[in-house]
Amino acid sequence: MNNNDKDLQPLTIKKLFEPLSRYVIPIYQRNYAWGVPEIEQLIQDIYDAADKKEGAEEQAKDYFLGSLVVYERERQPNTQVQVYETIDGQQRHTTLSILLAYLKNQQSLDQSRLDELELNLTFDSRPKSERALSDLYENAGHGESEEPSIHAAYDIIDRYFKTKKLDIAVFCQYLLEHVVILRVSVPKDTDLNHYFEIMNNRGEQLEKHEVLKANLMSVYADNELARDCFSAIWDACANMKRYVQLGFEPSIRTAVFGDKWQAFPSDFSEIQKHFRESKQSEKGMTLLNIIHKKERSDKTDDLENEKEERFESIIDFSNFLLHVLKVTMDDNVSLDDKKLLDAFCDDSHKLRVEPTEFVFNLLKYRILFDRYIVKRDFDEKWSLLTLEKYADSFNYITSFGKDESNEVNQQLAMILSMFHVSNPAQTYKRWLNDALAIVGSLASPNDLDVSGEQYLKQLEALSDKYLDEICGSGDKFDSEVLDTGTAVQNFIFNRLDYLLWKHLVKGQAFDGIGRAQLGKQLDNFQFSFRTSVEHYFPQKDPSGYEAMKDVDRFGNLCLISPSNNSKLSNYSPADKKKFYRENKRAESLKQAIMMSYDNWGPDEPGYTHIQNHEREMIKVLRNQA
């Protein structure tokens with residue numbers, strides 16, 4: 001396709017939302033689907049790119065957000081409005097539209113530059129989506145919604161600015177003036193259905209970690225064996241969906257990791273020795289040996305394919321590389337994968353790491369990650385498993401103890417998933433880096449074995465540390481931080497649920513609610529990506545009830561899913577309780593305890609119940625229960 005200047009237009013966000021342009025989402029596009037990880041990542045990336053120094057506005061660099069592929073429809077009759085049909089980039093554009101609506105509703109902002117803009121995104125076949133965007137933009141209230149995903153996105157944006165305490169004025173100015181999106185117009189005679197199919201099946205571009213691999217391997221120009229060994233380790237580590245041992249050839253796998261795949265080599269030279277021996281062994285093989293080896297390999301491959309990719313990693317390979325670099329070399333390394341290449345090179349573009357040492361550490365921490373960091377299993381449960389080889393097969397066994405009922409293994413899976421759901425985005429996982437540092441310090445050198453009790457103890461100390469950073473410690477604990485409604489951080493609610501679970505399974509009761517009353521709600525409890533703060537007594541007047549003046553207090557709050565928060569936001573406590581009982585579940589243990597009360601609200605005895613519940617929950621949160 002030949003492009004002229006008109007076909008490729010770099011647009012600032014201010015220019016994207018000009019009144020004389022209109023963008024239409026056609027019928028063949030899927031619904032809006034971005035959630036917490038994507039939205040929070042977008043906001044944080046833009047905020048990180050902004051130059052936050054006073055007086056440095058002129059030096060601010062533009063941030064390229066990606067492309068928006070469009071097809072020019074005919075101009076609207078008797079107007080200057082140009083209509084574009086969006087082929088690729090809908091999710092990003094919709095999120096920017098919701099973000100624009102949020103900024104327009106912030107009274108603290110100078111609205112003069114926002115008044116020049118217009119919400120210009122429409123839908124061919126989704127009037128509910130169009131109404132939802134319009135309601136948000138006009139600040140017409142967003143209670144129970146026809147399009148919960150769009151309203152949930154607005155709540156995610158609102159909460160992220162509040163909990164992260166971002167400077168909204170800095171963000172707004174940089175977003176409008178320096179964030180750039182490339183509008184690509186396809187030719188008039190393009191078959192749009194065919195083009196859309198191509199866009200959704202296009203090949204992947206070369207990733208940064210592949211460029212980094214080539215740079216690191218350049219030191220082995222004259223050493224073929226070292227180069228092959230480095231490449232095999234790197235490629236095995238790069239597939240985050242399977243345990244790293246399964247990325248090696250069977251003969252190498254057993255030699256490097258032992259008969260049960262539980263051993264670990266002493267250094268890179270030992271691994272290289274096994275590669276040399278394997279190559280020499282292959283050179284002496286007869287044709288019959290090769291055929292028999294191929295038959296055994298095919299059977300092994302079939303078995304492995306059935307078992308190996310049953311997990312969803314909580315992080316991708318580029319981020320994992322940065323975690324290894326930060327743990328082993330430089331604590332100042334950013335965990336932002338956009339800076340991957342910069343992290344490994346100095347200002348003169350020379351490597352800051354010794355490749356052989358780094359790739360050995362990469363393998364070590366990948367095994368530690370596989371064994372001791374929680375994963376999402378194929379049945380959507382959190383698991384903490386390690387890989388063990390048997391005579392003719394292999395299996396996943398609990399990392400600590402003999403089975404999944406092992407108390408330490410259960411607690412570790414629970415606290416690790418608690419940390420993860422509190423920060424679901426791929427980048428900036430401080431807790432993961434801290435956890436990798438812990439297991440790295442605890443692991444024995446020969447088999448990377450870790451004491452489960454010590455690991456749990458240090459993770460719980462880490463949780464205590466994060467709480468102290470948010471609320472203060474000891475006599476300086478500031479409970480007012482908890483009375484800030486939607487600005488209370490996810491970690492606070494998730495830590496509380498972890499501690500409630502820990503005490504409840506041991507027989508303790510809270511507000512008269514224990515294991516017997518909670519039943520399957522406790523037995524089946526696991527952490528999920530709940531990201532919306534619910535006011536159990538709602539912020540707005542439900543069915544004529546008087547609004548509670550301190551509705552934002554911690555005793556009245558719990559964490560639920562964005563979709564249910566949009567659906568239930570103006571329900572009374574009695575109606576919310578009915579909804580959850582009909583669905584036979586609560587979304588959190590704190591919520592389950594709150595729903596055990598017959599009365600809840602600004603009048604007595606409901607208000608006393610809120611106070612008592614809050615006092616009890618803060619004790620648990622502070623480990624004083």
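Residues numbered from 1 in each chain as written. Predicted model: local features only at pLDDT ≥ 70, side-chain atom pairs only at ≥ 80, totals over all residues. Heavy atoms only, no water.

Participant: I'm lost on the packing of aromatic side chains in this one. Help?
Facilitator: Going through the model one piece at a time under the given rule, you end up with 29 aromatic pairs. Look at Phe248 and Phe257: their rings are 5.5 Å apart centre to centre, the planes differ by 65°, and that puts the pair in the edge-to-face class. Judged by relative accessible area, which is 5%, Phe248 ranks as buried. One aromatic cluster in this structure is built from Tyr243, Trp261, Phe311, Phe394 and Tyr396. Over the aromatic face of Tyr137 sits the side chain of Lys104, whose NZ or CZ is 4.8 Å from the ring centroid. (Phe/Tyr/Trp six-rings, centres within 6.5 Å; stacked < 30°, edge-to-face > 60°. Buried < 20%, exposed > 50% of the residue type's maximum accessible area, 1.4 Å probe, protein only. Lys NZ or Arg CZ within 6 Å of the ring centre and 35° of its normal.)

Participant: Sorry if this is basic, but what is going on with the environment of Leu589 here?
Facilitator: Structurally, Leu589 is set in helix 25 (residues 589-594). Since its relative accessible area comes to 2%, Leu589 is described here as buried. In this view, Leu589 contacts Asp497, Leu500, Trp501, Leu504, Gln521, Leu522 and Phe525; residues no more than four positions away in its chain are not counted. (Helix = DSSP H or I, 4+ residues; strand = E, 2+ residues; numbered from the N terminus. Contact = heavy atoms within 4.5 Å.)

Participant: What is the right way to read the sheet that holds strand 8 (residues 375-377) from this model?
Facilitator: Strands in a sheet are paired, the pairing made by backbone hydrogen bonds, and the direction either parallel or antiparallel. Reading across the sheet, the 3 strands line up as 7-8-9 and stay open at both edges, with antiparallel pairing between neighbours. In the strand order of this sheet, the two ends are held by strand 7 (311-312) and strand 9 (382-383), each with one partner. Looking at chain direction, strand 8 and strand 9 are connected through 2 bridges and run antiparallel. Among the inter-strand pairings, Arg376 is bridged to a residue of strand 9, identified as Trp382. (Pairing = 2+ DSSP bridges.)

Participant: Whenever I open this one, the layout of surface pockets confuses me. Can you help?
Facilitator: Summary: where empty space remains is shown by rolling a probe the size of a single water molecule over the atoms. In this structure, the second largest pocket encloses a volume near 790 Å³. Along the walls of the second largest pocket sit 28 residues, with Lys164, Ser422, Asn423, Tyr428 and Gln489 positioned nearest its centre. Those elements that provide at least two residues to the lining of the second largest pocket are helix 2 (36-49), helix 6 (148-164), helix 17 (407-422), helix 18 (430-442), helix 19 (452-471) and helix 20 (490-504). In terms of residue class, the lining of the second largest pocket is made up of 12 nonpolar, 9 polar and 7 charged. (1 Å grid on protein atoms, 1.4 Å probe; cavity = no way out; pocket = protein on both sides within 12 Å on 5 of 7 lines; lining within 4 Å. Points joined across faces, edges and corners; volume = space filled by probe spheres on them. Nonpolar A, V, L, I, M, F, W, Y, C, P; charged D, E, K, R; others polar.)

Participant: Would you mind showing me how to read the pattern of salt bridges here?
Facilitator: Two side chains of opposite charge can pair, provided their charged atoms sit close to one another. Going through the model one piece at a time under the given rule, you end up with 24 salt bridges. Of the charged contacts in the structure, one is a salt bridge between Lys338 and Asp336, with a shortest N-O distance of 2.6 Å. Since its relative accessible area comes to 1%, Asp336 is described here as buried. Close ionic contact of Asp497 with Arg530 constitutes a salt bridge, the shortest N to O distance being 3.1 Å. With a gap of 33 residues between them, Asp497 in helix 20 and Arg530 in the loop between helix 22 (520-523) and strand 12 (532-535) connect regions that are remote in the sequence. For the pair formed by Asp497 and Arg530, the shared burial category is buried. Residues joined in a network through salt bridges with shared partners are Lys14, Glu116 and Glu177. (Salt bridge = Lys/Arg side-chain N within 4 Å of Asp/Glu carboxyl O.)

Participant: What should I look at first to understand helix 9 (residues 208-217) in this one?
Facilitator: What sets the pattern is the α-helix's 3.6 residues per turn: residues three or four places apart point alike. Along helix 9, the positions that sit buried rather than exposed are His209, Leu212, Lys213, Leu216 and Met217. For helix 9, the buried positions fall inside an angular range of 125° around the axis, keeping them on one side. (Arc of directions from axis to C-beta.)

Participant: Quick question: what am I supposed to make of the side chain of Ser129 here?
Facilitator: As for its position among the elements, Ser129 is in helix 5 (residues 127-137). If sequence neighbours within four positions are ignored, Ser129 has contacts with Phe123, Glu147 and Ile150.

Participant: Honestly, unusual backbone geometry in this entry has me stumped. Any pointers?
Facilitator: Comment: phi is negative for the bulk of residues other than glycine, and the bulk of peptide bonds are trans. Between Glu604 and Pro605 the backbone carries a cis peptide bond, its omega angle lying at 5°. Mapping Pro605 onto the fold places it in the loop between helix 25 and helix 26 (606-621). Unlike most non-glycine residues, Lys165 shows phi in positive territory, near 55°. For Lys165, the location among the structural elements is in the loop between helix 6 and helix 7 (168-178). At Asp511, a residue that is not glycine, the phi angle is positive and equals roughly 50°. The topology assignment puts Asp511 in the loop between helix 20 and helix 21 (515-518). The class of Asp511 is partly exposed, set by a relative accessible area of 24%.

Participant: Honestly, the packing of helix 3 (residues 90-104) against helix 6 in this entry has me stumped. Any pointers?
Facilitator: Helix-helix packing is described using two parameters, namely the angle between the two axes and the distance between the axes. Two numbers describe how helix 3 lies on helix 6: the axes approach to 10 Å, and their chain directions differ by 55°. Put simply, helix 3 runs oblique to helix 6. In this structure, helix 3 crosses over helix 6, and the sense of that crossing is right-handed. Facing Ile98, Leu99, Ala101 and Tyr102 of helix 3, the residues of helix 6 in contact are Ile150, Ala153, Tyr154, Ile157, Asp158 and Phe161. Taken together, the residues that form the contact of helix 3 with helix 6 break down as 9 nonpolar, no polar and 1 charged. (Axes fitted to C-alpha atoms, helices over the stretch in contact; angles between N-to-C directions. Parallel < 35°, antiparallel > 145°, perpendicular 65-115°, else oblique. Left-handed = near helix turned anticlockwise from the far one by under 90°.)

Participant: Explain the environment of Phe230 to me, please; I cannot follow it from the model alone.
Facilitator: Looking at the element boundaries, Phe230 is found in helix 10 (residues 224-238). Classification of Phe230 as buried rests on a relative accessible area of 0%. In the structure, Phe230 is positioned 130 residues away from Phe360 in sequence and 8.6 Å away in space, judged by C-alpha atoms. Once residues lying within four places of it in the same chain are set aside, the contact partners of Phe230 are Lys213, Leu216, Met217, Tyr220, Phe268, Pro355 and Val359.

Participant: Would you take a moment to explain helix 26 for this structure?
Facilitator: Taking 1.5 Å per residue, 16 residues should reach 22 Å; helix 26 reaches 22 Å between its end C-alpha atoms and fits that length. Of the residues making up helix 26, those classed as buried are Gly606, Tyr607, His609, Ile610, His613, Glu614, Met617, Ile618, Val620 and Leu621. End-on view of helix 26: buried residues confined to an arc of 160°, all on one side of the axis. Of the surrounding elements, those touching the buried residues of helix 26 are helix 19, helix 20 and helix 25. (Expected span 1.5 Å × (residues − 1).)

Participant: Explain the pairing of strand 6 (residues 179-186) to me, please; I cannot follow it from the model alone.
Facilitator: The side chains of a regular strand alternate between both faces of the sheet. Among the 8 residues in strand 6, 7 count as buried, and that is most of the element. For strand 1 (residues 8-12) and strand 6, the ladder comprises 5 bridges, and the chain directions are antiparallel. Across the sheet, residue Leu11 finds its bridge partner in strand 6, namely Ile181.

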